[in-house]
Amino acid sequence: MAKPKVATTSLAGCFGCHMSILDIDDRILDLVEIIDFDKSPINDIKEFTGECLVGIVEGGCANEENVRVLQDFRKHCKILISLGDCAINGGLPAMRNTIPLKECLDEAYLNGPSVHNSTGKIPNDPEIPLLLDKVYPCHEVVKVDYHLPGCPPSAETIWQALTALLTDKPLELPYELIKYD
Ligand code: SF4
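None of these values were measured; they are calculated from a predicted model.

Looking at the pattern of salt bridges
Side chains that differ in charge, positive against negative, can pair when their charged atoms come close.
Alright, step 1. Under the counting rule described, the total for this entry stands at seven salt bridges.
Alright, step 2. One salt bridge in this structure joins Asp36 and Lys3, with 3.6 Å as the shortest N-O distance. Of this pair, Asp36 sits in strand 2 (residues 36-37) while Lys3 is found in the segment before strand 1 (5-10), placing the two residues 33 residues apart along the sequence.
Alright, step 3. Among the residues examined, Lys3 registers a relative accessible area of 32% and is labelled partly exposed.
Alright, step 4. As a salt-bridge pair, Asp145 and Arg74 come within 3.0 Å of each other at their nearest N and O atoms. Taken together, the positions of Asp145 in the loop between strand 6 (131-136) and strand 7 (146-148) and Arg74 in helix 3 (residues 64-76) put the pair 71 residues apart, joining distant regions of the chain.
Alright, step 5. Among the residues examined, Asp145 registers a relative accessible area of 26% and is labelled partly exposed.
Alright, step 6. Bridged by salt links that share partners, the residues Arg74, Lys143 and Asp145 form one connected network.

Comments concerning the site of the ligand
Alright, step 1. Taken together, Gly13, Cys14, Gly16, Cys17, Glu58, Gly84, Asp85, Cys86, Gly150, Cys151 and Pro152 make up all the residues around the ligand.
Alright, step 2. For the shell around the ligand, the secondary-structure elements that each account for two or more residues are helix 1 (16-22) and helix 4 (85-89).
Alright, step 3. In terms of residue class, the shell around the ligand is made up of five nonpolar, four polar and two charged.

Remarks on the side chain of Lys39
Alright, step 1. By secondary structure assignment, the location of Lys39 is in the loop between strand 2 and strand 3 (52-58).
Alright, step 2. Buried and without a salt bridge, Lys39 has Asp72 as its closest oppositely charged side chain, separated by 4.6 Å.
Alright, step 3. Among the polar contacts listed, one links the side chain of Lys39 to the backbone oxygen of Lys46, at a separation of 3.1 Å.
Alright, step 4. Contacts of Lys39, omitting those with residues within four sequence positions, involve Ala7, Thr8, Ile45, Lys46, Glu47, Phe48 and Phe73.

A look at helix 6 (residues 155-166)
Alright, step 1. End to end, helix 6 covers 16 Å across twelve residues, agreeing with the expected 16 Å (1.5 Å per residue, within 8%).
Alright, step 2. Counting buried residues along helix 6, ten of its twelve residues qualify, which places the element largely inside the surrounding structure.
Alright, step 3. Among the residues making up helix 6, those that are buried are Ala155, Thr157, Ile158, Trp159, Ala161, Leu162, Thr163, Ala164, Leu165 and Leu166.

Here's the deal with the sheet that holds strand 2
Hydrogen bonds between backbone atoms are what pair the strands of a sheet, whose relative direction is either parallel or antiparallel.
Alright, step 1. With parallel pairing, five strands are arranged side by side in an open sheet as 2-1-3-5-7. Of all the strands in the sheet, the pair left with one neighbour each is strand 2 and strand 7.
Alright, step 2. Sitting on the sheet, helix 6 is in contact with strand 1, strand 3, strand 5 (77-83) and strand 7, with an inclination near 160° to strand 3.

Details of the environment of Tyr175
Alright, step 1. Its location among the elements puts Tyr175 in helix 7 (residues 175-178).
Alright, step 2. For Tyr175 and Asn89, which are 86 residues apart along the polypeptide, the C-alpha to C-alpha distance reads 20 Å.

As for a nonpolar patch on the surface
Alright, step 1. Together, Met19, Leu22 and Ile42 make up an exposed nonpolar region whose accessible area comes to about 250 Å².
Alright, step 2. By secondary structure assignment, the location of Met19 is in helix 1.

A closer look at the packing of helix 2 (residues 27-34) against helix 6
Alright, step 1. Two elements in contact, helix 2 and helix 6, have axes separated by 12 Å at closest approach and are oriented at 20°. With respect to helix 6, the element helix 2 is oriented roughly parallel. Seen along the crossing, helix 2 lies across helix 6 with a hand that is left-handed. Within the contact between the two elements, helix 2 uses Arg27, Asp30, Leu31 and Ile34 and helix 6 uses Glu156, Trp159, Leu162 and Leu166.
Alright, step 2. When the residues that make up the contact of helix 2 with helix 6 are grouped by side-chain class, the tally is five nonpolar, no polar and three charged.

A word on the pairing of strand 5
Consecutive residues of a regular strand have side chains that alternate between opposite faces of the sheet.
Alright, step 1. With six of its seven residues buried, strand 5 lies for the most part within the structure.
Alright, step 2. For strand 3 and strand 5, the ladder comprises six bridges, and the chain directions are parallel. If you follow Gly55 over to strand 5, its bridge partner there is Leu80.
Alright, step 3. Examined bridge by bridge, strand 5 and strand 7 share three bridges and lie parallel to one another. In the strand pairing of strand 7, Ser82 is matched with His147.

About the criteria used
Residues numbered from 1 in each chain as written. Predicted model: local features only at pLDDT ≥ 70, side-chain atom pairs only at ≥ 80, totals over all residues. Heavy atoms only, no water. Salt bridge = Lys/Arg side-chain N within 4 Å of Asp/Glu carboxyl O. Helix = DSSP H or I, 4+ residues; strand = E, 2+ residues; numbered from the N terminus. Buried < 20%, exposed > 50% of the residue type's maximum accessible area, 1.4 Å probe, protein only. Near = heavy atom within 4 Å. Nonpolar A, V, L, I, M, F, W, Y, C, P; charged D, E, K, R; others polar. Lys, Arg positive; Asp, Glu negative; His and termini not counted. Polar contact = N/O pair within 3.5 Å; in protein donor to acceptor, adjacent residues only side chain to side chain. Contact = heavy atoms within 4.5 Å. Expected span 1.5 Å × (residues − 1). Pairing = 2+ DSSP bridges. Axes fitted to C-alpha atoms, helices over the stretch in contact; angles between N-to-C directions. Patch = residues over 30% accessible without salt bridge, like charges linked within 9 Å, V, L, I, M, F, W, Y side chains within 5 Å. Areas by Shrake-Rupley, 256 points an atom, 1.4 Å probe, with all protein chains shown as cover. Parallel < 35°, antiparallel > 145°, perpendicular 65-115°, else oblique. Left-handed = near helix turned anticlockwise from the far one by under 90°.

Below is the structure:
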């Protein structure tokens, strides 16, 4: 029988949540006994090869490409998980939400104290994904089934959540694994 598939992606995140997935250490060998990784930076598969049982998303949506990837995950994954505070509430990248986008770009490319930009232009190559007006948490863009908080969530949290979902058990994590303090 074909194994269920799990896909992961990093949107506007720092890959710390993916490091936490890898932190499950040698249990990853148990995991690959029961699942196949589909599209993921873990195996460098760039496109979905089919439908997935679980999609894990790190990071919120800061640009149009993030939105496209997130919508693609929603389309291909039966269960979608927002992994970590950036996916759940925008996290650190959302600190720009209180500043108009133009001011952010001017500071980054024109007026910042360490900027040396002889062109005096803000990069606008069509290859560069357009920034959104602000950073959006994933659940404001698509329906999200589960939120795993933390920066990053611990490897144990990820392990217990994944194994519950993969074995069709209720996802009831102890308080110690999902507390914020
Ligand atoms: S939640 Fe923390 S570890 Fe995860 S992507 Fe955001 S900043 Fe990185």
